[in-house]
Amino acid sequence: MIGQQYLLLPGPTPIPDRVLRAMNRPMINHRGPEFRDILNEVSRGVKAIYGTEHRLLIYPSSGTGVLEAAVVNFISPGDKVLAVSIGVFGDRFANIAKNFGAQVEKIGFKWGEAADPNLIQDILQKDKDKQIKAVLITHNETSTGAYNDIEAVKKAMLDHPALLMVDCVSGLGALEFKMDDWGVDVALSGSQKAFMIPPGLGFMAFSDRALEIHRNNTNHRYYWDVTSGLNYLEKGQTAFTPAISLFYGLQEALVMMAEEGLHNIINRHRNYRDMVRQALGELGLELLAADQHASTALTAVLAPGGSGANKIRSKMLNRYNIALAGGQLELDDVMFRIGHLGYVRELDLVAVIAALEITLLESGFKIELGAGVNKAQQYILALNTKN
Ligand SMILES: Cc1ncc(COP(=O)(O)O)c(C=O)c1O
C-alpha cells in the first residue's frame, strides 16, 4: 500500500522522523559521562511535562511495569488502598496492588464516565483512623476515552494523608497534568503515547512524602527499588542497563515538545478532540464518553447498530491503511477507538473521518457522505480565523 500507515491508536503513536533519526546512533557507555548528560537532560525535560520538581526515575519498561514499581515501593502488604476505576486500566492498577498484598477497596464507575470526587471524599471521611494509605486512580482511561479530574480528586481528599497515586500513562502530555500544583504524590507514565517515541520507557515521578513512605516500605522488589534507583541517579546513571536508543529518541522528542510548548501541545490535543467529536456527532455516531469528561487523547466510538466495530476497523486497515484500536473486554466489537495523541496532524484525522464515512456507507449505514469531513473543515477554519 502506498505511503505510511495512519497509526491512530492510543499508543503506540507515530514517531517523528527527527526522533527516528536521533535513535539511529551508535551505543555509548551507559556508565559514562555522555549518558550522564543525556539522563540529566531528559530527566529535566520529562519533569517539566509532569510539572514536578520532585524525583523521577526512568525504567526500561512498559507502562504496566511502572504501575507495579509504584505499588512495590509505596504500598506495603496489608496496607488499605482505595482504588478508583473507570475502566480497564483502573482495574489493572487495583489488581497489581492486590497481587502485592494490599487490602484493596475498589470503587468502580460506569465505563465512559469519570470518577465522582464526592464519593472518594465520603469514603476517606469515614476512614477516621486513617487506615487508607493510598488512593489509586487513572488520569486518562484509555479503554473508554474518559478522563478523571485529578485536581478535584486531590481537593476532595481534604486532609486525608493517603498518597495520591496516578496512572497518567496515556494522559501525560496530551491532557493537562500539574503534579506539584495539584499535590499528586506518585505519577506513572510511558514513552509510547504523547512522548512520540517507541514503547519501552516507563516514568515514575514521586514526591518527598512518597519517598518517606518508601523508606519504611516492606514490599518485595529488586528491579524496581527506588532507593537503588536514586543512588545510581546521583551518579548520573540508572540502576540497570538503560534502553539507550530510546533515551536518544526521548532527548529529541523533548526538544520538539519544548519547541511547540506544553501549553500549545495540550491545546492542540483539545482541538483534535473537539474536532473529531463534532465530526462524528454530525455523522450521528454515538461516543462512549460524555463531553464533560471526554479525553483529549482518544475518542471511543460505538459501532452503529451495537456491534461490528472490528469489521469497520479491518475495512479501514485493509482499504486505507488506517490502524484504529478496538474495544477492550466487554466492549470488544462494540466500539472502536481513534487515537489522536502525539505526533498526529489535524489532516490525518480528517482523512480518518473521510475513510470512515465511505466505510460506513459501504457497510449499509445511512450517513451523509461529506458531513463529518465538512464539520471538521469548518472546525479548522474557525480555529484558523480565531488564531
Ligand atoms: C492508562 C494506561 N495505563 C497503563 C497502560 C499500560 O501500559 P503498557 O501497555 O505500556 O504496559 C496503558 C496502556 O495503554 C494505559 O493506557
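In this text the structure is predicted, and so the values were computed from the model without any measurement. (Residues numbered from 1 in each chain as written. Predicted model: local features only at pLDDT ≥ 70, side-chain atom pairs only at ≥ 80, totals over all residues. Heavy atoms only, no water.)

**Some thoughts on the sheet that holds strand 11 (residues 286-287)**
Spatial strand order, 1-13-14-12-11: 5 strands in an open sheet with mixed pairing. A single partner strand is all that each edge strand has here, and the edge strands are strand 1 (6-8) and strand 11. Judged from the 2 bridges that link them, strand 13 (residues 322-326) and strand 14 (residues 335-339) form a sheet pairing that is antiparallel. In the sheet register, Gly-326 faces strand 14, and the bridge partner there is Phe-336. The strands that helix 11 (residues 262-282) touches are strand 11, strand 12 (298-302) and strand 14; relative to strand 12, the one it contacts most, it runs at about 15 degrees. The strands that helix 12 (residues 309-320) touches are strand 1, strand 13 and strand 14; relative to strand 13, the one it contacts most, it runs at about 160 degrees. (Pairing = 2+ DSSP bridges. Helix = DSSP H or I, 4+ residues; strand = E, 2+ residues; numbered from the N terminus. Contact = heavy atoms within 4.5 Å. Axes fitted to C-alpha atoms, helices over the stretch in contact; angles between N-to-C directions.)

**Details of the environment of Leu-67**
Along the polypeptide, Leu-67 turns up in helix 3 (residues 63-74). Judged by its relative accessible area of 2%, Leu-67 falls in the buried class. A C-alpha to C-alpha distance of 23 Å links Leu-67 and Ile-123, two positions 56 residues apart in sequence. Sequence-distant contacts of Leu-67, defined by excluding residues within four places in its chain, comprise Arg-92, Phe-93, Ile-96, Asp-167 and Leu-188. (Buried < 20%, exposed > 50% of the residue type's maximum accessible area, 1.4 Å probe, protein only.)

**Some words on the site of the ligand**
Taken together, 13 residues surround the ligand, and among them Ser-62, Thr-64, Thr-142, Asp-167 and Lys-193 come closest. One of the side-chain N or O atoms of Thr-142 is found 2.4 Å from an oxygen atom in the ligand. At a separation of 2.6 Å, a nitrogen atom of the ligand approaches a polar side-chain atom of Asp-167. Isolated, the ligand exposes 390 Å² of accessible area, and the fraction of that covered by the protein chains is 86%. Of all the secondary-structure elements, those providing two or more residues to the shell around the ligand are helix 3 and helix 4 (88-99). Each residue belonging to the shell around the ligand can be placed in one class, and the counts come to 2 nonpolar, 8 polar and 3 charged. (Near = heavy atom within 4 Å. Polar contact = N/O pair within 3.5 Å; in protein donor to acceptor, adjacent residues only side chain to side chain. Areas by Shrake-Rupley, 256 points an atom, 1.4 Å probe, with all protein chains shown as cover. Nonpolar A, V, L, I, M, F, W, Y, C, P; charged D, E, K, R; others polar.)

**Observations concerning the packing of aromatic side chains**
Applying the stated rule across the entire model yields 9 aromatic pairs. Seen from their ring centres, Tyr-59 and Trp-224 are 5.1 Å apart, and the 65 degrees between their planes marks the pair as edge-to-face. Of the two residues, Tyr-59 is situated in strand 2 (residues 55-60) and Trp-224 in the loop between helix 8 (208-215) and helix 9 (226-234); the sequence distance between them amounts to 165 residues. Owing to a relative accessible area of 7%, Tyr-59 belongs among the buried residues under this scheme. Among the aromatic residues, those joined into a ring-pair cluster are Tyr-59, Tyr-222, Tyr-223, Trp-224 and Phe-240. Between the NZ or CZ atom of Arg-25 and the centre of the ring of Tyr-248, over which it lies, the distance is 3.9 Å. Over the face of the ring belonging to Tyr-232 we find Lys-235, whose NZ or CZ atom lies 4.3 Å from the ring centre. (Phe/Tyr/Trp six-rings, centres within 6.5 Å; stacked < 30°, edge-to-face > 60°. Lys NZ or Arg CZ within 6 Å of the ring centre and 35° of its normal.)

**Points about the domain arrangement of the protein**
Accessible area lost during the coming together of the parts is what is often quoted as the interface size. In terms of domain boundaries, the protein breaks down into domain 1 (6-11 + 262-386) and domain 2 (17-258). One C-alpha centre belongs to domain 1, the other to domain 2, and the line joining them spans 28 Å. Tallying the contact residues gives 27 residues for domain 1 and 27 residues for domain 2. Of the roughly 2,100 Å² buried at the junction of domain 1 and domain 2 (both faces included), carbon and sulfur atoms supply 64%. On the domain 1 side of the interface with domain 2, the three residues burying the most area are Leu-262, His-293 and Gln-328, jointly 24% of the side's total. Counting residues per element, the ones that place at least two in the side of domain 1 that touches domain 2 are helix 11, strand 12 and strand 14. Here the element with the most residues in the side of domain 1 that touches domain 2 is helix 11; it accounts for 5 residues. Looking at the side of domain 1 that touches domain 2 residue by residue, the class counts come to 16 nonpolar, 8 polar and 3 charged. (Domains from an automatic or database assignment. Buried area = accessible area lost by both parts, 1.4 Å probe.)

**Section: the pattern of salt bridges**
With the rule as written, the count across this model stands at 13 salt bridges. With its nearest N and O atoms 2.5 Å apart, the salt bridge here joins Arg-221 to Asp-225. On the accessibility criterion, Arg-221 (24% relative accessible area) is partly exposed. The partner of Arg-277 in a salt bridge is Asp-291, with the nearest N and O atoms 2.8 Å apart. (Salt bridge = Lys/Arg side-chain N within 4 Å of Asp/Glu carboxyl O.)

**Considerations on helix 8**
Every buried residue of helix 8 is listed here: Ala-210, Leu-211 and His-214. Down the axis of helix 8, the buried side of the element spans an arc of 100 degrees, and every buried residue falls inside it. (Arc of directions from axis to C-beta.)

**Focus on the side chain of Asn-140**
Within the secondary structure, Asn-140 sits in strand 6 (residues 140-141). What makes Asn-140 buried here is its relative accessible area of 2%. Side chain to side chain, Asn-140 and Ser-170 meet in a polar contact 2.8 Å long. In this structure, Asn-140 is in contact with Ala-146, Tyr-147, Asp-167, Ser-170, Gly-171, Leu-175, Ser-295, Ala-297 and Leu-298, ignoring residues within four places of it in sequence.

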